[in-house]
Amino acid sequence: MNFLALIGRVVLGFLGHIGRLTIFAGTAVSHCVRPPLYPRLIVRQMIDIGYYSLPVVGLTAIFSGMVLALQSYTGFARFSAESAVANVVVLSMTRELGPVLAGLMVAGRIGASMAAEIGTMRVTEQIDALTTLSTNPFKYLVVPRLLAGLLMLPLLVLVADIIGVFGGYLVGVYKLGFNPGVYINSTVDFLEPLDVISGLVKAAVFGFLIALMGCYNGYYSKGGAQGVGAATTNAVVSASILILTSNYIITELFFAT
Amino acid sequence: MAAAPKIHLKDVRKAFGDKQVLNGIDLDIAPAESVVVIGGSGTGKSVLIKCILGILTADSGVIEVDGRDVTHIPAGSRDPAINRKFGMLFQSAALFDSLPVWENVAFGLIQGERMSRKEAKHKAIETLAKVGLAPSVGDLSPAELSGGMQKRVGLARAIAGDPEIVFFDEPTTGLDPIMADVINDLIIACVKDKGITALSITHDMHSARKIGDRIAMIHEGRLIWVGNAKDIDRAGNPYVEQFVNGRAEGPIKMQLRR
């Protein structure tokens, strides 16, 4: 009996979580399209998410591109398909690694800081204080982060794509001895707009999810420092899992025939 | 009471899960009156204020502000005119640590009333002066202030929007006796003397006597005694007597494990 009760409690807790998250997301999105918006805060969040994530995302991208070129070269050399290296690098970067790696890095950097900041505001009554000052906490805290995530992640991923391809070029030309012109040609020749666009759509979804999980977990955190710590962990873990899951779903939507 | 009450509470109830925190609160607060609610920790004092403000929603009962029923409306859905009547000083001051002091004070003016930043800063400096803080404090960040100064900034933020009703959540808790008395004097100067209605919660009896016209004692979710502040020592209620004199022995039993 006790065991059944335990299962029931876990399932009910999980469903409650899903329900709260759905209502939270719905409320947040509905506030995104109703004035007043706070342009000043949106810009600050965009700088935080976009500009300050550039070094991390850039480093991730360049080494991913480099290792991709190296790995695929040694692999393809076994059946004399070395010329496909440039294609593999550009397709992997734009379709998968750019959005996913940038998403995961930003989830760790931004998702965590959102959850910690909003969570601290919750436990120190700052969110209640917002309400008493005629300011809707959703509009003031959640909407700028959601919009900034949604807009900045695609831009970050575009930069990551370019840097990643450049990393592949560096290894291809200076280590593996490809002719620079040939490498660039085969990079561009087989690339289709949909490859890049699907990656950017993924990035927008990931950006939204990262901000949503950061805000949601922070908003409902309770119990002081420990609660804020738990909220931060949950924000990063749940955002990462959602990124990987939705990545598959979006890929399926775009490319499954 | 001749005048219509500013705040009217009738049979207000609120439960969290199985725990009935407010168990039928009846209280009328007249315009310009200062009521202090006293009671032990965890007896529902903060919940009462949050229900009136709309941060929490009461389960049942009636909460009226200036005759308008706001019981079941959360703050975000209320008429902005009602929200603007309120000011609140939080126990921990709850200053926004991402903003300098002056923007904290001016926050309600800039965000709520859409005042220009320049004008709002001017008003913020003026309000800071009312609570005895120099204009230079305005450019500091809240983390650089002492507890007493944070409370004063919190008070300035609460009164900056010229509210009609101000709530004080344990205004003197955590301060030394002298700073506590400074805060009491400021509350009297900024609130009572301006005809603002005030509802405070505290367990500091010195503060309660000083800032309250009337005192209400809350115990197990009910108001067990309401009377004039000067009658608190002649309450004839063993619960009030125990609380006022701070005795461990009496009808109020602390939940202690022995």
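Please refer to the structure placed before this passage.
So, how was this worked out
- Residues numbered from 1 in each chain as written.
- Chains lettered and ligands numbered in written order.
- Predicted model: local features only at pLDDT ≥ 70, side-chain atom pairs only at ≥ 80, totals over all residues.
- Helix = DSSP H or I, 4+ residues; strand = E, 2+ residues; numbered from the N terminus.
- Buried ≥ 20, exposed ≤ 12 C-beta atoms within 10 Å, placed from the backbone.
- Contact = placed C-beta atoms within 7 Å.
- Axes fitted to C-alpha atoms, helices over the stretch in contact; angles between N-to-C directions.
- Parallel < 35°, antiparallel > 145°, perpendicular 65-115°, else oblique.
- Left-handed = near helix turned anticlockwise from the far one by under 90°.
- Expected span 1.5 Å × (residues − 1).
- Pairing = 2+ DSSP bridges.
- Nonpolar A, V, L, I, M, F, W, Y, C, P; charged D, E, K, R; others polar.

**Some thoughts on the overall build of chain B**
- Helix and strand counts for chain B stand at eight helices and 10 strands.
- Counting every position in chain B, which comprises 258 residues, the buried fraction comes to 45%.
- Contacts spanning at least 24 positions in sequence make up 62% of the contacts within chain B whose residues lie at least 6 apart.

**Details of the overall build of chain A**
- For chain A, the count of helices and strands is nine helices and zero strands.
- Considering only C-alpha atoms, chain A reaches an extent of 65 × 55 × 35 Å along its principal axes.
- Within chain A, the proportion of its 257 residues that are buried is 46%.
- The long-range share in chain A, meaning contacts at least 24 apart out of those at least 6 apart in sequence, stands at 88%.

**Structural notes on the packing of helix 4 (residues 85-123) of chain A against helix 7 (residues 180-189) of chain A**
Residue and element names in this part refer to chain A.
- Where helix 4 meets helix 7, the closest approach of the two axes is 8 Å, and the angle between their N-to-C directions is 45°. If you check the angle between helix 4 and helix 7, you find them oblique. Helix 7 is crossed by helix 4, and the crossing has right-handed handedness. Residues A86, N87 and V90 of helix 4 form the contact with helix 7, whose own contacting residues are Y183, S186 and T187.

**Comments concerning helix 3 (residues 54-76) of chain A**
- In this model helix 3 of chain A runs 32 Å from its N-terminal to its C-terminal C-alpha over 23 residues, within 8% of the 33 Å that 1.5 Å per residue would give.
- Next to the buried residues of helix 3 of chain A lie helix 4 and helix 6 (137-174) of chain A.

**Some remarks on the sheet that holds strand 3 (residues 34-38) of chain B**
Residue and element names in this part refer to chain B.
- The sheet built from six strands is open, its strands ordered 6-7-8-3-9-10 with mixed pairing. Taken across any chain shown, the strands that pair with only one partner, and hence form the sheet edges, are strand 6 (86-89) and strand 10 (222-228). Neighbour-to-neighbour, the strand axes of this sheet turn through a mean angle of 15°, independent of strand direction.
- Pairing of strand 3 with strand 9 (residues 214-219), which is carried by four bridges, proceeds in the parallel orientation. What sits directly across from V36, in strand 9, is I215.
- Seen against the sheet, helix 8 (residues 238-245) touches strand 3, strand 9 and strand 10 and runs at an angle of roughly 105° to strand 9.

**Structural notes on the interface of chain B and chain A**
- Opposite the 17 residues of chain B that make contact, chain A presents 11 residues.
- When residues of the side of chain B that touches chain A are traced back to their parent elements, those giving at least two are helix 2 (80-83), strand 6 and helix 3 (101-112) of chain B.
- Per element, the largest residue contribution to the side of chain B that touches chain A is four residues, and it comes from helix 3 of chain B.
- Considering only residue class, the side of chain B that touches chain A consists of 10 nonpolar, six polar and one charged.

**Focus: the sheet that holds strand 5 (residues 68-69) of chain B**
Residues and elements named next belong to chain B.
- Read across the open sheet, the four strands follow the order 2-1-4-5; overall the sheet is antiparallel. With partners counted over all chains shown, the strands left at the sheet margins are strand 2 (19-29) and strand 5, one partner each.
- Pairing of strand 4 (residues 60-65) with strand 5 involves two bridges; the strand directions are antiparallel. Looking at strand 5, one finds that V65 is bridged to R68.

**Side note on the pairing of strand 10 of chain B**
Residue and element names in this part refer to chain B.
- Across six bridges, the pairing between strand 9 and strand 10 is antiparallel. Looking at the pairing, I215 lines up with G227 of strand 10.
- Counting the residues between successive antiparallel strands, the hairpin from strand 9 to strand 10 contains two residues, one of them, E220, with a positive phi of roughly 50°.

**Points about the pairing of strand 6 of chain B**
All names here are of chain B.
- By the alternation rule, side chains of strand 6 split into F86 and M88 and G87 and L89, which are all buried.
- With four bridges joining them, strand 6 and strand 7 (residues 165-169) adopt parallel strand pairing. Residue pairing for strand 7: F86 is matched across the bridge by I165.

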